[in-house]
Amino acid sequence: MHPILIVDDEVEMRIAMSETLKHCGYPVEVSHNALDALNKFKKGDFSMVITDMTMPKRSGLELLKDIKAINGRIPVLMVTAYGTIETAVEAMKHGAFDYVLKPFKFDVFTFVVERALTLGEEKKTAAPGKPATLEGSAAPPSPAEAREIVTADSAMQKLLGVAENVARSKATVLIQSESGTGKELLARFIHDRSERAAGPFVAVNCAALPDTLLESELFGHRKGAFTGAIQDHKGRFEQADSGTILLDEISEMALPLQAKLLRVLQEHEVDRIGGKEPIRVDVRVISTTNRDLFQCVEKGSFREDLYYRVNVIPLHLPPLRDRKGDIPLLADYFIRRHAGKNTREAVAVTPDAMEVLCHYNWRGNVRELENVMERALLLSGGKDVQPLHLLMGPAAVTAQGTAAALAKKPAAATAPGANGDALGIAVGMSMAEAEEKLIFETLRKLGGNRTQAAKVLDISIRTLRNKLNEYAAAGKKLDVEMRD
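About the thresholds
- Residues numbered from 1 in each chain as written.
- Predicted model: local features only at pLDDT ≥ 70, side-chain atom pairs only at ≥ 80, totals over all residues.
- Heavy atoms only, no water.
- Helix = DSSP H or I, 4+ residues; strand = E, 2+ residues; numbered from the N terminus.
- Buried < 20%, exposed > 50% of the residue type's maximum accessible area, 1.4 Å probe, protein only.
- Contact = heavy atoms within 4.5 Å.
- Areas by Shrake-Rupley, 256 points an atom, 1.4 Å probe, with all protein chains shown as cover.
- Polar contact = N/O pair within 3.5 Å; in protein donor to acceptor, adjacent residues only side chain to side chain.
- Axes fitted to C-alpha atoms, helices over the stretch in contact; angles between N-to-C directions.
- Parallel < 35°, antiparallel > 145°, perpendicular 65-115°, else oblique.
- Nonpolar A, V, L, I, M, F, W, Y, C, P; charged D, E, K, R; others polar.
- pLDDT = per-residue confidence, 0-100.
- Pairing = 2+ DSSP bridges.
- Core = buried A, V, L, I, M, F, W, Y, C linked by side-chain atoms within 4.5 Å.
- Phe/Tyr/Trp six-rings, centres within 6.5 Å; stacked < 30°, edge-to-face > 60°.
- Lys NZ or Arg CZ within 6 Å of the ring centre and 35° of its normal.

**Q** Before we go on, may I ask you to explain the overall build of the chain in this structure?
**A** When you go through the chain residue by residue, the secondary structure sums to 20 helices and 12 strands. Within the span of the chain, comprising 484 residues, buried residues form 49% of the whole. Sequence-distant contacts in the chain: of pairs separated by 6 or more residues, those separated by 24 or more amount to 72%. As displayed, the chain has an accessible area near 22,300 Å², and 51% of this comes from carbon and sulfur atoms.

**Q** Could you clarify how one ought to interpret the environment of R367 in this entry?
**A** Checked against the element boundaries, R367 lands in helix α16 (residues 365–379). Here the alpha-carbon distance between R367 and F111, two residues 256 residues apart in the chain, equals 9.8 Å. When sequence neighbours within four positions are dropped, the list of residues in contact with R367 reads C24, Y26, T110, F111, E114, S179 and G180. Here E114 takes part through its side chain, which lies 3.0 Å from a polar atom of the side chain of R367.

**Q** Hey, could you run me through the packing of helix α2 (residues 34–43) against helix α3 (residues 60–70) in this one?
**A** Between two packed helices, what matters for the description is the angle formed by their axes and the separation of those axes. Running from amino to carboxyl end, α2 crosses α3 at an angle of 10 degrees, the nearest separation of the two axes being 10 Å. When the interaxial angle is binned, α2 and α3 end up roughly parallel. Contacts from A34, A37, L38, F41 and K42 of α2 reach α3 at L63, D66, I67 and I70. Residue classes in the contact of α2 with α3 are distributed as 7 nonpolar, no polar and 2 charged.

**Q** I'm lost on the confidence of the model for the chain in this one. Help?
**A** Regions with low pLDDT carry predicted coordinates that are not meant to be interpreted in detail. Put simply, the chain has an average pLDDT of 81, and 84% of its residues get 70 or more. Within the model, pLDDT remains below 50 along residues 394–422, and this stretch shows 46 contacts once partners closer than five positions in the same chain are excluded.

**Q** For this particular structure, what's the right way to read the sheet that holds strand β11 (residues 284–289)?
**A** Paired through their backbone hydrogen bonds, the strands of a sheet run either parallel or antiparallel. Within the open sheet, the 5 strands sit side by side as β7-β8-β11-β6-β12. Their pairing is parallel. What marks the edges here is a single partner per strand, and that holds for β7 (201–205) and β12 (313–316). Taking the axes of each pair of neighbouring strands and ignoring which way they run, one obtains an average angle of 20 degrees across the sheet. Bridge count between strand β6 (residues 173–176) and β12: 4 bridges; the pairing is parallel. Bridge pairing in β12 places I175 opposite L315.

**Q** Quick question: what am I supposed to make of the nonpolar core here?
**A** Counting residues in each nonpolar core, the largest one holds 51 residues, and the members touching the most others are F237 and L247. Sorting elements by how many residues they give to this core places helix α11 (residues 255–267) first, with 5 residues. Discounting chain neighbours no more than four positions away, the residues touching L247 are V204, C206, L218, L261, V285, I286, S287 and T288. Formed by 26 residues, the second largest nonpolar core is a distinct cluster that contains L369, V372, A376 and L377.

**Q** Would you take a moment to explain the sheet that holds strand β4 (residues 76–80) for this structure?
**A** Taken in spatial order, the 5 strands line up as β2-β1-β3-β4-β5 in an open sheet, and their pairing is parallel. Each edge of the open sheet carries a strand with a single partner, namely β2 (28–31) and β5 (98–101). Strand after strand, the sheet turns through a mean of 20 degrees between neighbouring axes, direction not considered. Inspection of the sheet shows strand β1 (residues 4–7) paired to β2 by 4 bridges, in the parallel sense. Bridge pairing links I4 to V28 in β2. Running over the sheet, α3 touches β1, β3 (48–52) and β4 and is turned about 175 degrees from β4.

**Q** For this particular structure, what's the right way to read the packing of aromatic side chains?
**A** Two aromatic rings are characterised by how far apart their centres lie and by the angle between their planes. By the definition in use, this model includes 7 aromatic pairs. With a centroid separation of 4.3 Å and an interplanar angle of 75 degrees, the aromatic rings of Y360 and W362 are classed as edge-to-face. Taken individually, Y360 and W362 each receive the classification buried, so the pair is uniform in this respect. Chaining the aromatic ring pairs together yields one cluster made of F294, Y307 and Y308. The side chain of R193 reaches across the aromatic face of F189, ending 3.7 Å from its centre.

**Q** Could you clarify how one ought to interpret the packing of helix α19 (residues 450–457) against helix α20 (residues 461–473) in this entry?
**A** Closest axis-to-axis distance for the α19/α20 pair is 9 Å, and the angle between their directions is 105 degrees. Taken together, α19 and α20 sit at an angle that is classed as roughly perpendicular. Here R450, T451, A453, A454 and L457 of α19 lie close against α20, whose contacting residues are I461, L464 and L468. Looking at side-chain class alone, the contact of α19 with α20 contains 6 nonpolar, 1 polar and 1 charged residues.

**Q** Sorry if this is basic, but what is going on with the environment of R115 here?
**A** By the secondary structure assignment, R115 is in helix α5 (residues 106–126). In this structure, the C-alpha to C-alpha distance between R115 and D98, residues 17 residues apart in sequence, is 9.8 Å. Residues contacting R115, with those up to four places away along its chain left out, are F97, E184, R188 and A203.

If you want it as structure tokens, here you go:
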């Protein structure tokens, strides 16, 4: 996976966004202004760009226009502390994927990032001229396969059985669970098995937009209703007519909007901003949240009457730590899925690596596991995945998991190199020694290409050069000619 480019002139915000995404398994590169970011974008490959709106010398909006002129398929997420409906409309008009106001909740932030990457990947898959898969590699997943829920867990099987039964009804559904568990996937599962399957499925992130813009997005507006409303706009409810609308993170919706949503659910009609008469809609509503919505009711941040409207069918997705029996199944599934996407051959996960996976805490749930497996596939170089390729961080693995993984091979857990050499990662070896061996092996496999190695290792080219200088000063030099 290509890194995500984060652009913000505030050091603290750059670090916060970067560390959040790294924790979820995403590779990241940062930039402190729009000019530097544009230069990096022209030279490298990025899966998406996240940029602040207001920056010195050149704004995030100008950067958005530059990026879209170079590659219109790259999703760009705008973040700002000075949001107005005019600037939001302007950003959307120029192709921004979404618009998030500071300060924002980081679980919401990661959700928007995941949505952008998923939709960006779908656009690439649909683009003409995509490369053919390698002989013997897994084929890229079809849209239906990409929405598949993979599980052998008995509790999950029961949940899916309930979801399939209620799919044929018109009842509203509320899915409550942690971020990264697959709430939208379950919502699509319900839609695909309903009588509305041939209709649209429209998802709205209620936490990612300011209230004024969210109202317009949900219910639409008439031309001239406000500054920037240059034409009539169909809201998401109208777009979802005869289908399903997903209201993600509904707990973050402001109380005045909750009142308008309640009317839509009761009367089955929407009022566009600036409109003269209501518009009838036939929409099935599925809501999701990572909060306890009833607690929000008790705190007064969510309307009790709306709660009972959206909570007709309550569903709860368990976190990955409560369904660890699915980890081997999911790990293999994600390896095969991303082998197809990256034109690589599917590989096996060694018992040592699987032991580490099964003892990991998985705060990012299934989403984090998918990112870890894609990275491991790319780092393994076509060989079986070893613990070394997981790069999850020793602090995140429980002592029990670490001991169990290492106890299996007290001598040395090895991973074949490009020339058949072993990495020689052994029990008792320091992290610095293991890091040195990983850097050398990655460079060896990439023919000394420092730029590519830095991307695979998820570090900056400057950090890599500094490491190599340290090794050279200590008399350690790689037997491969370095190049950028």
